[in-house]
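The residues making up each chain are set out below.
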Amino acid sequence: MTEADNPARAGGGSPGTARITVLGSTNMDLVAYTRVAPERGETVTGHTFRTVPGGKGANQAVAAARAGGAVSLIGAVGEDDFGGELRSVLAGAGVATDRLRTVPGPSGTAHIVVDDAGENSIVVVPGANGTVTSLVDGDEETIAASGALLLQLELPCAAVLDGARAGRRHGVRTVLTPAPAQPLPDELLNVIDLLVPNEHEAATLTGLPDAHAAARALLDAVPEVVVTLGARGCLHARRGAKPLLVPAYRTRAVDTTAAGDTFVGALAVALGEGVPTRRALSWAQAASALSVQRAGASSSMPARADVEALAATSP
């Protein structure tokens, strides 16, 4: 695929467009909806089942594209039917897929249970994502043409580190969502510009359950942190600056799957367009609030016009 084939690639778009590359996972989400989630060893009856394209990398790519960014995705899908469907959905959302590899074997899958309160639990089976262990020819050039590189932890850590180092070499803002939560090596943290954990992930990384304390501790490793707090909003911390608590928009959650990914994708677009930090955070909160009102991952992510309409109301 050439730039002419897909103007959404990271080097394309109109002047002022946020150019974003995502290095991350692409999964088919297999989602079961049930009144109450099962406890360990328990079987419950669900009332709805859906297959929804997802994966944290694909989710952030779709969220950023719908928010108005020019987005490329680096990753892999399998040769199964899911792989073709995932590629098609991404392209349909405006994400450039020329750096999305097709490899032998199955695509990644995520097995998700969502209860009637909108909360979820997830088991991820990496599939093709596990084959992405490093950048390949052309990947670094795509990163270099971007203003931001979005990273998560559903690919092997070696690939995440490879991408982050490439971003640092080319002066590209590197944004890491540390999920699934796990200890991070110093060599990775040293090349991250912005870390965006949720409360659980921040506590896992620092051993501190209080979000403010965790954010302060994380600033020893990275220059800037945003801790997402669900219905309480988000906490921004930067070295040498006072912490900033940005409230969430009041909404009724139907499904919180990919709310964090929606937030990160929208935030990357706003920051890439030069929006001041506080307003960019509030704009991303609006995108996240809209996403939790709809079922699914990529299928729940709002268009830019909808985000702007809600953001104009201010929480």
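Position numbers for residues start from 1 in each chain and track the written sequence from start to end. For this predicted model, a pLDDT threshold of at least 70 governs which residues receive local features, and a threshold of 80 or more governs which side-chain atom pairs are given and counted, while totals over whole chains, interfaces and linings are taken from all residues. Side-chain measures were taken over the full set of non-hydrogen atoms in the model, leaving aside hydrogen atoms and water.

**Regarding the overall build of the chain**
- Every helix listed is a DSSP run of H or I at least four residues long, and every strand listed is a run of E at least two residues long, numbered separately from the N terminus. Within the chain, the secondary structure is distributed over ten helices and 14 strands.
- Values of the radius of gyration come from C-alpha atoms, whereas the globule rule sets the reference at 2.2 Å times the count of residues to the power 0.38. On C-alpha atoms alone, the chain measures out to a radius of gyration of 18 Å, which is about the 20 Å that the 2.2 N^0.38 rule sets for 315 residues.
- The principal-axis extent of the C-alpha atoms belonging to the chain is close to 50 × 50 × 40 Å.
- The cut-offs for exposure are 20% and 50% of the maximum accessible area for each residue type, with area from a 1.4 Å probe on protein chains only; residues under the lower value are buried, those over the upper are exposed, and the others partly exposed. Split into buried and exposed, the 315 residues of the chain put 52% on the buried side.
- Sequence separation of 24 or more characterises 66% of the internal contacts of the chain that already satisfy a separation of 6 or more.
- Computed by Shrake-Rupley with a 1.4 Å probe, the accessible areas treat only the displayed protein chains as cover when residues are assessed. Counting every atom, the chain has about 13,100 Å² of accessible surface; 53% of that belongs to carbon and sulfur.
- Both charge centroids of the chain, one from 25 positive and one from 32 negative side chains, sit 8 Å from each other. Two residues form a contact once any of their heavy atoms are found within 4.5 Å. By the counting scheme adopted, Arg and Lys are positive, Glu and Asp are negative, and His together with the chain ends is not counted. Every charge is mapped to an atom, namely NZ of Lys, CZ of Arg, CG of Asp or CD of Glu.

**Concerning helix α7 (residues 211–218)**
- Three or more residues of α7 are buried, namely Ala211, Ala213, Ala214, Ala215 and Leu218.
- On its buried side, α7 packs onto β11 (194–195), α6 (199–206), β12 (224–228) and β13 (234–238).
- In protein, a polar contact requires one atom able to donate a hydrogen and another able to accept it; more generally it is a pair of N or O atoms within 3.5 Å, and residues adjacent in sequence count only if both atoms are side-chain atoms. Of the residues that open α7, the one with a side-chain oxygen 3.2 Å from the backbone nitrogen of histidine 212 is aspartate 210.

**Things to note about the pattern of salt bridges**
- Throughout this description, the term salt bridge denotes a Lys or Arg side-chain nitrogen within 4 Å of a carboxyl oxygen of Asp or Glu. Per the stated rule, a full pass over the model turns up ten salt bridges.
- The salt bridge involving aspartate 261 is made with lysine 56; its shortest N-O contact spans 2.8 Å. Taken together, the residues span a long stretch of sequence, with aspartate 261 in helix α8 (residues 259–272) and lysine 56 in helix α1 (residues 56–66) at a distance of 205 residues. Grouping residues by exposure puts aspartate 261 and lysine 56 together as buried.

**Observations regarding the packing of α8 against helix α9 (residues 277–291)**
- Interhelical geometry of α8 versus α9 gives an angle of 145 degrees and a closest axis separation of 8 Å. The chirality of how α8 crosses α9 is right-handed. Two secondary-structure elements touch here, α8 through Ala259, Thr262, Phe263, Ala266, Leu267, Ala270 and Leu271 and α9 through Thr277, Ala280, Leu281, Trp283, Ala284, Gln285, Ala287, Ser288 and Ser291.
- Amino acid classes used here: Ala, Val, Leu, Ile, Met, Phe, Trp, Tyr, Cys and Pro are nonpolar; Asp, Glu, Lys and Arg are charged; the rest, including Gly, are polar. Looking at the contact of α8 with α9, its residues break down into eleven nonpolar, five polar and no charged. Axis definition: a line fitted to C-alpha atoms, over the contacting stretch in the case of helices. Angles run 0 to 180 degrees between N-to-C directions. Should the near helix be turned anticlockwise from the far one by less than a right angle, the crossing is left-handed, and should it be turned clockwise, the crossing is right-handed.

**Some thoughts on the pairing of strand β10 (residues 173–176)**
- Pairing of strand β9 (residues 148–151) with β10, which is carried by four bridges, proceeds in the parallel orientation. Across the sheet, residue leucine 150 finds its bridge partner in β10, namely valine 175.
- Crossover handedness is defined by viewing with both strands directed away from the observer: a clockwise path from the first strand over the helix to the second marks the crossover as right-handed. The β-α-β motif built from β9, the intervening helix α4 (residues 157–169) and the parallel element β10 has right-handed crossover chirality.
- Two strands make a pair as long as DSSP finds a minimum of two bridges between them. Direction of pairing for β10 relative to β11: parallel, over a ladder of two bridges. Considered in β11, the bridge of leucine 176 is made with leucine 195.

**Topic: the packing of α9 against helix α10 (residues 304–311)**
- Packing of α9 against α10 brings their axes to within 9 Å, and their N-to-C directions diverge by 115 degrees. Considering their axes alone, α9 and α10 lie roughly perpendicular with respect to each other. Handedness of the α9/α10 crossing: right-handed. On α10, the residues that touch Trp283, Ala286, Ala287, Ala289 and Leu290 of α9 are Arg304, Asp306, Val307, Glu308, Leu310 and Ala311.
- For the contact of α9 with α10, the class distribution of residues is eight nonpolar, no polar and three charged. Any angle between 65 and 115 degrees counts as roughly perpendicular, while under 35 counts as roughly parallel, over 145 as roughly antiparallel, and the rest as oblique.

**Concerning unusual backbone geometry**
- Geometrically, the link from alanine 179 to proline 180 is a cis peptide bond, its omega value of 0 degrees lying close to zero.
- Locating proline 180 in the fold gives a position in the loop between β10 and α5 (186–189).

**Points about the pairing of β9**
- Along β9, one buried face is formed by Ala148 and Leu150 and the opposite face, lined by Leu149 and Leu151, is buried too.
- Across four bridges, strand β1 (residues 19–23) lies against β9 in parallel orientation. Within the sheet, the bridge partner assigned to threonine 21 lies in β9 and is leucine 149.

**So, the environment of alanine 65**
- Inspection of the secondary structure assignment puts alanine 65 in helix α1.
- Measuring from C-alpha to C-alpha, the distance between alanine 65 and glutamine 285 comes to 16 Å, with 220 residues separating the pair along the chain.
- When neighbours within four sequence positions are excluded, alanine 65 is seen to be in contact with Val71, Ala93, Gly94 and Val95.

**Here we look at the nonpolar core**
- Membership of the largest hydrophobic core comes to 50 residues, with the highest contact counts inside it found for Ile20, Val71, Leu73, Val95, Phe263, Leu267 and Leu281.
- Within this scheme, the nonpolar core is defined by two criteria: the residues are buried Ala, Val, Leu, Ile, Met, Phe, Trp, Tyr or Cys, and they are joined through side-chain atoms within 4.5 Å. Ala76, Val132, Leu153 and Leu195 belong to the second-largest nonpolar core, a separate cluster that totals 37 residues.

**Here's the deal with the side chain of aspartate 139**
- Along the chain, the position of aspartate 139 falls in helix α3 (residues 139–144).
- Classification of aspartate 139 as buried rests on a relative accessible area of 0%.
- Not counting the four nearest positions on each side in its chain, aspartate 139 is found in contact with Ile74, Arg99 and Arg101.

**Digging into the confidence of the model for the chain**
- For every residue, the predictor states its confidence as a pLDDT score lying anywhere from 0 to 100. Here the chain shows a mean pLDDT of 91. Residues at 70 or above account for 92%.
- Segment residues 1–12 is flagged for pLDDT under 50; beyond a separation of four residues in sequence, or across chains, it makes 37 contacts in the model.

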